[in-house]
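Single-letter residue listing:
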Amino acid sequence: MSNNEIFSEFLQETHENLALLDSDLILLETNPGEKSTLAQVFRTLHSIKGTAGFLGFVKLQDVAHSAESLLSRLRSGEMQFKETVATVLLQVVDAIREMLVSIESTGKEGPADYTGLIARVDSLKMTGGAAAPSAPSPAPVFNSPAPVINSAISVLQFASSPQAPSDTLVMPANDEPSTSRSGTSDMATGDGSEVRTSSAADSNIRVDVGLLDKLMNLVGELVLSRNQILQYSDSHEDNGFLAAVQRLDLLISELQAAVMKTRMQPIGSVLNRFPRIVRDQALVCGKKVRLEISGQETELDRTLIEAIRDPLVHMVRNAIDHGIEAPAVRLSRGKQEEGRLRIDAFHEGGKVIVEITDDGGGIDIARLREKALQSELLAPDVIAKMTHTELLRLIFLPGFSTADRVTQTSGRGVGMDVVLTNIERIGGTVDIESTPGKETTIRTKIPLTLAIIPALIVSCGGEQYAVPQVSLLELVRLEPDQAKRGVERMHGVPVYRLRDAMLPLLFLDEQLEIESDRSPDDEVNIVVLQADDRPFGLVVDSIRDTEEIVVKPLQKQIKGIPVFAGAAIMGDGRISLVLDVLGLARRANVISGAKNHAISDLAPSEKEEEVETEPVLLFASCAGGQMAIPLSLVSRLEEFPRGTVESLGSRQVVQYCGGILPLIDVSHELEQLRLRGSGVPAASVASVPARDEVESITVIVYTAGDQQAGLMVGNVLDIIHEHIVARSRANRPGVLFTAVVQERVTEFVDVPLLVRESLFDVIQSTT
Amino acid sequence: MSISQQYCTFFLGQECFGLDVLRVQEIVRSQTLTHVPLAHRMVRGLINLRGQLVTVIDLRRRLDLPDRDDSCEPVNVVVQTDDGAVSLLVDEIGDVLEVSELQFERPPETLQRSSRDLISGVYKLPDRLLVVLDPDRVVSLPER
């Protein structure tokens, strides 16, 4: 075995050992009498020291040595394991980790000086022993049913240099017996028998992850080749051939399942870091926290394990920092002094669920609202309309933090949004529930694997595209006669009314800038997708089928296109580009960077927002669209004969109740507002050009204080008293919001603004 | 003694180009091309090369040459890059030629087009000039 291999073997082993040390030390802290754990810590450190000495890492060896001698005093019962001891030993672990990182990158231990740490360890060894009463039985107890065989194994391993095991078959490092290679005197004589029995050790091998990935890819391709053969075999009658194909089919399915399993790892490999993280965080925050973990054995794909690591750490830290109260506060609230943090992992509905629950103060909705107002990330009227769930989801807004102070770990306002983005990137979701004063649960749903995903195949412009099914909500097909009425245009933007909710539509051909095969008379296929909690409809030429696909990354020449997540080779050998739903939505501005929209009408089906309960007046504008204003703003409805309209400057007026009533053409004025907003100078020509043929004009008289104005409209339709549900925010100035009223898209006009703007215009043009 | 090198040669119109034979993985004729919308105009699409996704770059467009007419069936020259195999579409494939270093010359200064960066030099063959391309530069597309 070459030097390099020994090196990487050492690094890998030591990293594993360190993770083990972390959890063992925490265990010891809570249960100092645990002799077998102490012995294991001792052995682990000893073997790190031994290998470090063998490879010539003097500093590493020294640090490990000092900790080891401290441990030997603990083990002999001359000292007792206390929090101070744990802290120092954990510092040792950190120091070793630091050196490992340096060794990994530079091959050296790094410039850091650890003499201070060694001195601390040594002084603790001197002072700590005095206070501690000696423990009765220092000899570690082991339950070793077959000591003879075990020592035989250990002898064998002594013979074949344990620092350089064979390259393929490696026993997990923690199960290797300690060796006396470094020759330290405190290596107890009985250690040779301290071999733990572990059946797993003999049946485990360490395999390069790259190899597993390659295997996974190959099996993915094999599955596709099988599909091709299956298709081909359909046209054959030969029984022998068909039987062979069938067997092949079964075997490959089994092979695929087995290979998928090799990539599965128990989530415990992430969760076992948490005792340490929780302990450190609790110390920093001055809180007492008990951690309970269940479901460590829940398995998921290793690439996902890596992806959820950081988000989980962040959420746990958050729970301790913001969730669990300080001990004094807890006592005053009648809770146990020690806070409880629970991490539960389990399978549910083909997904892995990780729940983080703390029994802390919960999330204060009122404070969230207040903070949201202060932060000015959202408009006050949007915040006022938010539901409980929506307010809770505010914590996922970028730049939003409820912490009053910035600590080392939280309160900077970056965090939960990053957590959400990271989880969503792997096709997961994050939900939050909170009972004020009692507890908060953050529930993360993660798919089992990313390697093979189910996708819906759609076609557009003669090519087929795959849409990952995670973002798929439903499919809507409009027959040709329905299609004409179904797809409406709201100020040029196509929308579809899906169960009375307005669904913005994107046409895939327009988004991809390709030629569609669809003719206007064809049926319309809408794929309803969800991006960032915001549903939208994607219009495609046709919907094919669902298929399991292996998503492959694109090469750098085409990587930069945000609407594609990759490509997949289909069963028939054709290539399908995989659509990136989030990227597509961003490109079409379905979701904006600020996420305001997503929050203002989040999940409309769950809870509808009631914004208007007062009666409103429905009318058709001169341009034809349906609009509405609150009835309370209407003082009278009037009809004026055409001839009574007079001109005053650029404005049209009528004499009304002994005064002059300026007339405002609603649709014209809205257009002017929009033009002004976009920097185009307003045209000075006034309205009523198109209605010369009509006898009279319909005017809604609006009074505010001593000011009056007449709103010219096409015709008044109705007065309605129903609850109006806001469906979408306005897309032009002068409009408050749009909603569906009596099955028509209706714009709610901001009358005060409109009047202010247009009368200002009158003053301008008459002076 | 001169060091000789082998080049895989191909044609774009009348011009003869060459790529280091060691970088050429294979030559593939007519493949179903999957169009990639919104991609760089030099990218013609993707092909499925025995289960591997290969990006296809139109070498004519890459070298600022006019598009070939529809009657001409282009050939894929698949080159190896550090990002996997990439195919270059050419008009017609030529022989693998062994040329001597003595015939080599840098491209003339008067060649000032953007494609100059892509050309590492010229071999003066008895009957024609062989323009040698730098495969790594050819596959890294300019910013749009």
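Residues numbered from 1 in each chain as written. Chains lettered and ligands numbered in written order. Predicted model: local features only at pLDDT ≥ 70, side-chain atom pairs only at ≥ 80, totals over all residues. Heavy atoms only, no water.

Brief notes about the pattern of salt bridges
Residue and element names in this part refer to chain A.
Next up, step 1: The final tally for this structure, using the stated rule, is 35 salt bridges over all chains.
Next up, step 2: The salt bridge involving Arg279 is made with Asp280; its shortest N-O contact spans 3.2 Å.
Next up, step 3: When its relative accessible area of 11% is taken as the criterion, Arg279 is described as buried.
Next up, step 4: For Glu523, the salt bridge is made with Arg477, and the minimal N-O distance between the two is 3.5 Å. Placement of Glu523 in the loop between helix H19 (508-512) and strand S14 (524-531) and of Arg477 in strand S10 (residues 472-478) is noted, with a sequence separation of 46 residues between them.
Next up, step 5: Overall, the relative accessible area of 23% leaves Glu523 in the partly exposed class.
Next up, step 6: The network of salt bridges with shared partners includes Asp22, Glu29, Asp94, Arg97, Arg276, Arg279 and Asp280. (Salt bridge = Lys/Arg side-chain N within 4 Å of Asp/Glu carboxyl O. Buried < 20%, exposed > 50% of the residue type's maximum accessible area, 1.4 Å probe, protein only. Helix = DSSP H or I, 4+ residues; strand = E, 2+ residues; numbered from the N terminus.)

Re the interface of chain B and chain A
A common way to report how large an interface is uses the accessible area buried once the components associate.
Next up, step 1: Listed as interface residues are 24 residues of chain B and, on the opposing side, 23 residues of chain A.
Next up, step 2: When chain B packs against chain A, close to 1900 Å² is buried across both sides, 64% of that on carbon and sulfur atoms.
Next up, step 3: The three residues of chain B that bury the most area against chain A are Pro37(B), Leu38(B) and Leu53(B), which together make up 34% of that side's buried surface.
Next up, step 4: The tally of links from chain B across to chain A stands at one salt bridge.
Next up, step 5: Lys556(A) is the salt-bridge partner of Asp82(B), the closest N and O atoms lying 3.9 Å from each other.
Next up, step 6: Across the contact surface, chain B and chain A share six residue pairs in polar contact (both at pLDDT 80 or more).
Next up, step 7: For the side of chain B that touches chain A, the secondary structure elements donating two or more residues are strand S4 (43-49), strand S5 (52-58) and strand S7 (84-90) of chain B.
Next up, step 8: In terms of residues, the side of chain B that touches chain A owes the most to one element, S5(B), which gives five residues.
Next up, step 9: Its residues assigned to classes, the side of chain B that touches chain A comprises 15 nonpolar, seven polar and two charged. (Contact = heavy atoms within 4.5 Å. Buried area = accessible area lost by both parts, 1.4 Å probe. Polar contact = N/O pair within 3.5 Å; in protein donor to acceptor, adjacent residues only side chain to side chain. Nonpolar A, V, L, I, M, F, W, Y, C, P; charged D, E, K, R; others polar.)

Some details on the nonpolar core
Across soluble globular proteins, you tend to see nonpolar side chains buried next to one another.
Next up, step 1: Counting 60 residues, the largest nonpolar core has Tyr465(A), Leu508(A), Leu538(A), Phe564(A), Leu59(B) and Leu133(B) as the members making the most contacts within it.
Next up, step 2: In this structure, Leu538(A) is in contact with Leu506(A), Leu508(A), Asn525(A), Ile526(A), Val527(A), Leu529(A), Leu579(A) and Leu584(A), ignoring residues within four places of it in sequence.
Next up, step 3: If you look at the next biggest cluster of nonpolar residues, it comprises 47 residues, including Ala319(A), Leu378(A), Ile383(A) and Val430(A). (Core = buried A, V, L, I, M, F, W, Y, C linked by side-chain atoms within 4.5 Å.)

Notes on the sheet that holds strand S26 (residues 696-704) of chain A
Residue and element names in this part refer to chain A.
Next up, step 1: Across the sheet, six strands lie side by side as S22-S26-S27-S25-S24-S23; this open sheet has mixed pairing. The sheet is open, and its two edges are formed by strand S22 (634-641) and strand S23 (646-648), each paired on a single side. Neighbour to neighbour, the strand axes of the sheet diverge by 40° on average, direction disregarded.
Next up, step 2: With seven bridges joining them, S26 and strand S27 (residues 707-713) adopt antiparallel strand pairing. Along S27, the bridge assignment pairs Ile700 with Leu711. (Pairing = 2+ DSSP bridges. Axes fitted to C-alpha atoms, helices over the stretch in contact; angles between N-to-C directions.)

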